[in-house]
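Remarks on the overall topology
If you want the building blocks of each chain, they are given just below.
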Amino acid sequence: MLQRIQTIYLLIASIISGGFIFMFPIWKLNDGVEVFAISSTLYSGLFFGSTILSLIAIFMFKNRKLQFVLGRLAIILNFILLGFFVYQSLTVSGEAEASEKGIGMFLPIVSIVFLALANKAIKKDEDLVKSVDRLR
């Protein structure tokens, strides 16, 4: 059942986590060099981990409980990634190394929103199946 709404949400979250990290910089250094998430192994590993979990969750449509758990794990990875970004932005002083924060720092927030919407739809499907089983 790949035509459900949570598939769309999970696909959007995986595109944000896996594709947009190449397009949007995390921050810009004083000399004008844009720093992308792919330049750090920690950031790219967390982004790609979230992407992989989202893509695996898409194809776990027969096991909704596992799909829900994979969505939660992807949300946790994005919160960890967001924590690293907040730590980096607060410890780097104003004009020491990074002069501008980029839009790439907000990608985990957008991904979390779509993952939460997907988990809400998965939960709704699970409740629907349980209610139908009760009627049998």
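Above this text you will find the structure in question.
Throughout what follows, the structure given in this document is the object of discussion. (Residues numbered from 1 in each chain as written. Predicted model: local features only at pLDDT ≥ 70, side-chain atom pairs only at ≥ 80, totals over all residues. Heavy atoms only, no water.)

1. Overview of the packing of helix α2 (residues 41–58) against helix α3 (residues 64–91)
Threshold: In this description, a line fitted to the C-alpha atoms serves as the axis of each element, helices being fitted only across the stretch in contact, and the angle between N-to-C directions of two axes falls anywhere from 0 to 180 degrees. Runs of E in the DSSP output that reach at least two residues are strands. Runs of H or I that reach at least four are helices, and both are numbered from the N terminus. Any angle that falls under 35 degrees is termed roughly parallel, while one over 145 is termed roughly antiparallel, one within 65 to 115 roughly perpendicular, and all others oblique. Left-handed describes a crossing whose near helix is turned anticlockwise from the far helix by less than a right angle; the clockwise case is right-handed. A contact between two residues is defined here by any heavy atoms of the two lying within 4.5 Å. Note on residue classes: Ala, Val, Leu, Ile, Met, Phe, Trp, Tyr, Cys and Pro are nonpolar, Asp, Glu, Lys and Arg are charged, and everything else, Gly too, is polar.
As a packed pair, α2 and α3 sit with axes 9 Å apart at the nearest point and diverge in direction by 160°. Relative to α3, the element α2 lies roughly antiparallel. Judged by the twist between their axes, the crossing of α2 over α3 is left-handed. Here Leu42, Tyr43, Leu46, Phe47, Gly49, Ser50, Leu53, Ser54, Ile56, Ala57 and Ile58 of α2 lie close against α3, whose contacting residues are Gln67, Leu70, Leu73, Ala74, Leu77, Asn78, Ile80, Leu81, Phe84, Phe85 and Gln88. Its residues assigned to classes, the contact of α2 with α3 shows 16 nonpolar, six polar and no charged.

2. Digging into the pattern of salt bridges
Note the cut-off: Salt bridges are counted wherever a side-chain nitrogen of Lys or Arg sits within 4 Å of a carboxyl oxygen of Asp or Glu. Each residue is placed in one exposure class: buried if its accessible area under a 1.4 Å probe, protein chains only, is under 20% of its type's maximum, exposed if it is over 50%, and partly exposed if it falls in between.
Following the criterion strictly, the structure yields three salt bridges and no others. Residue Asp127 pairs with Lys123 through a salt bridge whose shortest N-O separation is 3.6 Å. Residue Asp127 and its partner Lys123 are both found in helix α4 (residues 107–135); the two are separated by four residues, about one turn of the helix. Taking the relative accessible area as the measure of exposure, Lys123 reaches 42% and is therefore partly exposed.

3. Quick notes on the packing of aromatic side chains
Just so we agree on the cut-off: To pair, rings of Phe, Tyr and Trp, with the six-membered ring standing in for Trp, must have centres within 6.5 Å; the planes then decide the type, stacked if under 30 degrees apart, edge-to-face if over 60, and tilted in the middle.
Applying the stated criterion across every chain, the model contains five aromatic pairs. Between the aromatic rings of Tyr9 and Phe114, the centroid separation amounts to 6.3 Å while the plane-to-plane angle is 40°, which identifies the pairing as tilted. Of this pair, Tyr9 sits in helix α1 (residues 5–18) while Phe114 sits in helix α4, placing them 105 residues apart in sequence. Classification of Tyr9 by relative accessible area gives partly exposed; the value is 21%. With relative accessibility at 21%, the residue Phe114 sits in the partly exposed group. Ring geometry for Phe20 and Phe24: centres 5.6 Å apart, planes at 85°, overall edge-to-face. Since its relative accessible area comes to 27%, Phe20 is described here as partly exposed. Here Phe24 falls in the partly exposed class, since its relative accessible area comes to 28%.

4. With respect to α2
What counts is decided by this rule: Helix span, expected: 1.5 Å multiplied by one less than the number of residues in the helix.
With 18 residues, α2 ought to run about 26 Å at 1.5 Å a step, and its terminal C-alpha atoms sit 25 Å apart, in line with that. Turning to α2, its buried residues number three or more, namely Tyr43, Ser44, Leu46, Phe47, Ser50, Thr51, Leu53, Ser54, Ala57 and Ile58.

5. Examining the side chain of Thr51
Here Thr51 is to be found in helix α2. In this structure Thr51 touches Ser14, Ser17 and Gly18, once residues within four positions along its chain are discounted.

6. Overview of a nonpolar patch on the surface
Put simply, the rule is: Candidates for patches are residues over 30% relative accessible area with no salt bridge; among them, like charges are joined within 9 Å and nonpolar side chains (Val, Leu, Ile, Met, Phe, Trp, Tyr) within 5 Å. Exposure was quantified through the Shrake-Rupley algorithm and a 1.4 Å probe, taking into account, for residues, occlusion by the shown protein chains and nothing else.
Together, Leu42, Leu66, Val69, Leu73, Ile76, Ile80 and Phe84 give the surface a local cluster of nonpolar side chains, amounting to about 550 Å² of exposed area. When residues in the nonpolar patch are grouped by element, the largest group, six residues, is from α3. With respect to the helices and strands, the residue Phe84 is situated in helix α3. The class of Phe84 is partly exposed, set by a relative accessible area of 32%.

7. Examining the environment of Phe22
Note that Phe22 resides in the loop between α1 and β1 (27–29). Given the relative accessible area of 44%, Phe22 is considered partly exposed. Residues in contact with Phe22, not counting those within four places in the same chain, are Phe36, Ile38 and Phe48.

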